[in-house]
Amino acid sequence: MSETITVAVPPYVQGHALLEGRSVLITAAAGVGIGFAAARRAIEEGCRAIMISDIHERRLNEAAERLRALGGTAEVHAQLCNVTKEDEVQALVDASEDKLGGIDVLINNAGMGGFRSVVEMSDQEWNLVLDVTLNGTMRMTRAALKKMIPRKKGVIVNNASVLGWRAQKSQSHYAAAKAGVMAFTRCSAVEAAEHGIRINAVSPSIAMHEFLKKAAGPGELEALTSQEAFGRAAEVWEVANVMMFLASDYSGYMVGEIVSVSSQRA
């Protein structure tokens, strides 16, 4: 058996104005996960205005203050939104249109997971994970496209997972939802492309943050990390970097693609 080697985290990459002059809306962007990392990167990449949303009011307000403290030129706005509620989704998109002067980039980050075997899983657990992760992505995309299509421009980046491709026990609900996000990305992208709008997705393996540590059972994160060729989980900003690429003109010919952000062994 080969020895596991850990490859060090690379230096944090400074911004290169990839989103200069654009407005960005990100769901589930409070706290310490990929959503907040993407919000920070968007500001560092020169966006002119940003709206972050979440269901946790205190964490959302704290996140907005942390983004303002970065000292960038972007206007920072925040609004509560539960992506399982159509009225809240519509209110968020309407507010973003008003406060941002139109949505140039939507990052669908809201998702929900957990560890549960199929035989122990209740209908409620299954339905909630799919409603937040898959249906929420659809609701946000639908609402945003209705605003983007008349302008004939816009970019949507969805957050999927390698579990949409690969099997892992106790993850059937999450894997099904993320596989659905992948299929939804491909199909909606074909429709949106007719209007000059691009939709793509990232597919991370494991990005470590405090909320994930709390949700995982004993030994589960260690087992997942051991499957990574780098011998470590991704930093959340390493995933956010790829989101910025997909949101920028550097990915201008990409439509319906699912980009794996992973060092997993084959």
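Look up: the structure comes first, before these words.
Bear in mind that the values here come from a model prediction, so they are computed numbers and not experimental data. (Residues numbered from 1 in each chain as written. Predicted model: local features only at pLDDT ≥ 70, side-chain atom pairs only at ≥ 80, totals over all residues. Heavy atoms only, no water.)

Trainee: Could you give an account of the packing of helix α4 (residues 123-151) against helix α5 (residues 172-193), with specific residues and numbers?
Mentor: When two helices pack together, their arrangement is given by the angle between the helix axes and by the axis-to-axis distance. Between α4 and α5, the least distance of the axes is 8 Å, while the angle of their chain directions is 15°. In terms of orientation, α4 and α5 fall into the roughly parallel class. Crossing of α4 against α5: the hand is right-handed. Touching Glu 125, Trp 126, Val 129, Leu 130, Thr 133, Leu 134, Thr 137, Met 138, Thr 141 and Leu 145 of α4 are Ser 172, His 173, Tyr 174, Ala 176, Ala 177, Lys 178, Gly 180, Val 181, Phe 184 and Ala 192, all from α5. Considering only residue class, the contact of α4 with α5 consists of 12 nonpolar, six polar and two charged. (Axes fitted to C-alpha atoms, helices over the stretch in contact; angles between N-to-C directions. Helix = DSSP H or I, 4+ residues; strand = E, 2+ residues; numbered from the N terminus. Parallel < 35°, antiparallel > 145°, perpendicular 65-115°, else oblique. Left-handed = near helix turned anticlockwise from the far one by under 90°. Contact = heavy atoms within 4.5 Å. Nonpolar A, V, L, I, M, F, W, Y, C, P; charged D, E, K, R; others polar.)

Trainee: How would you explain the pattern of salt bridges if you had to name every residue and give the values?
Mentor: Within the structure shown, the criterion is met by 13 salt bridges. Of the charged contacts, one joins Glu 45 and Arg 41 as a salt bridge, the two residues approaching to 3.9 Å between their closest N and O atoms. Using a relative accessible area of 5% as the deciding quantity, one classes Glu 45 as buried. Given a relative accessible area of 1%, Arg 41 falls into the buried group. A salt bridge links Arg 58 to Glu 62, with the shortest nitrogen-to-oxygen separation between them at 3.2 Å. One end of the pair is Arg 58 and the other is Glu 62, both in helix α2 (residues 57-68) and four residues apart, which spans about a single turn. On the accessibility criterion, Arg 58 (53% relative accessible area) is exposed. You can call Glu 62 partly exposed: its relative accessible area is 41%. Bridged by salt links that share partners, the residues Arg 40, Arg 41, Glu 44 and Glu 45 form one connected network. (Salt bridge = Lys/Arg side-chain N within 4 Å of Asp/Glu carboxyl O. Buried < 20%, exposed > 50% of the residue type's maximum accessible area, 1.4 Å probe, protein only.)

Trainee: Account for the side chain of Glu 228, with residues named and values stated.
Mentor: Within the secondary structure layout, Glu 228 lies in the loop between α7 (220-225) and α8 (236-247). Although Glu 228 lies buried, it forms no salt bridge, and the closest oppositely charged side chain, Arg 166, sits 6.0 Å away as judged by the N-O distance. A distance of 3.3 Å separates the side chain of Glu 228 from the backbone nitrogen of Gln 264, its partner in a polar contact. (Lys, Arg positive; Asp, Glu negative; His and termini not counted. Polar contact = N/O pair within 3.5 Å; in protein donor to acceptor, adjacent residues only side chain to side chain.)

Trainee: Give me the environment of Ile 26: which residues, what numbers.
Mentor: Residue placement: Ile 26 occurs in strand β1 (residues 23-26). Through-space distance from the C-alpha of Ile 26 to that of Val 105 is 8.4 Å; in sequence the pair is 79 residues apart.

Trainee: Outline helix α1 (residues 34-44), supporting the account with residue identities and numerical values.
Mentor: Of all 11 residues in α1, nine are buried, a share of seventy percent or more. Within the sequence span of α1, burial applies to Ile 34, Gly 35, Phe 36, Ala 37, Ala 38, Ala 39, Arg 41, Ala 42 and Ile 43. Phi for Gly 46, located one or two positions after α1, is positive at around 90°.

Trainee: Can you break down the sheet that holds strand β5 (residues 154-159) residue by residue, with the values?
Mentor: One key point about sheets: their strands pair by backbone hydrogen bonds, in either a parallel or an antiparallel sense. As summarised here, the arrangement of the seven strands in space is β3-β2-β1-β4-β5-β6-β7, forming an open sheet in which the pairing is parallel. At either margin of the open sheet sits one strand with a lone partner, and together these are β3 (75-80) and β7 (258-261). Ignoring strand direction, the axes of neighbouring strands in this sheet form an average angle of 15°. Bridge analysis of strand β4 (residues 105-108) against β5 gives four bridges, and the strand direction is parallel. Residue Val 105 lies in a different strand from β5, and its bridge partner there is Val 155. Across the sheet, helix α3 (residues 86-100) touches β1, β2 (49-54) and β3, and the angle it forms with β2 is around 160°. (Pairing = 2+ DSSP bridges.)

Trainee: Which residues make up α8, and what values go with them?
Mentor: The end-to-end C-alpha distance of α8, which contains 12 residues, comes to 17 Å, matching closely the 16 Å that a straight helix rising 1.5 Å per residue would cover. The buried count for α8 comes to 10 of 12 residues, which makes it a mostly enclosed element. Restricting attention to buried positions, one finds in α8 the residues Val 236, Trp 237, Glu 238, Val 239, Ala 240, Val 242, Met 243, Met 244, Leu 246 and Ala 247. Close packing links the buried residues of α8 with α1, β4, β5, β6 (197-204) and β7. (Expected span 1.5 Å × (residues − 1).)

That is the geometry; function is a separate question.
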